[in-house]
Amino acid sequence: MGGGESTTTVVLAADSTFTPARKDAFVAARAGTRRIDLSPGTHDGHLDALEEWITVLREALRSTS
């Protein structure tokens, strides 16, 4: 990506309040969005899938630097 554009990373939990179709539409709404799915977790995946959330967040940050 050039011209000051940045990558957006969306982290979604398996049991999110979003339906699978809504998750797909949410990500598709912005070109270049990277999607990471947590295997456990609900809408509060950052709380109830904390270890995996930290791992994927670190990996996402590393890949953008």
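The preceding data block contains the structure.
A brief report on the enclosed structure follows. These numbers come from a predicted model, not from an experiment.

Quick notes on the rules
Residues numbered from 1 in each chain as written. Predicted model: local features only at pLDDT ≥ 70, side-chain atom pairs only at ≥ 80, totals over all residues. Heavy atoms only, no water. Pairing = 2+ DSSP bridges. Helix = DSSP H or I, 4+ residues; strand = E, 2+ residues; numbered from the N terminus. Right-handed = clockwise from strand over helix to strand, strands pointing away. Salt bridge = Lys/Arg side-chain N within 4 Å of Asp/Glu carboxyl O. Buried < 20%, exposed > 50% of the residue type's maximum accessible area, 1.4 Å probe, protein only.

Let us look at the pairing of strand β2 (residues 34–38). By the bridge criterion, 5 bridges tie strand β1 (residues 9–13) to β2 in an arrangement that is parallel. In the strand pairing of β2, A13 is matched with L38. The parallel pair β1 and β2 is bridged by helix α1 (residues 20–28), and the resulting crossover is right-handed.

We now examine the pattern of salt bridges. If the charged atoms of two oppositely charged side chains come close together, the side chains can form a pair. All chains considered together, the criterion is met by 2 salt bridges. Between R35 and D24 there is a salt bridge, with its nearest N and O atoms 2.6 Å apart. Of this pair, R35 sits in strand β2 while D24 sits in helix α1, placing them 11 residues apart in sequence. The class of R35 is partly exposed, set by a relative accessible area of 29%.

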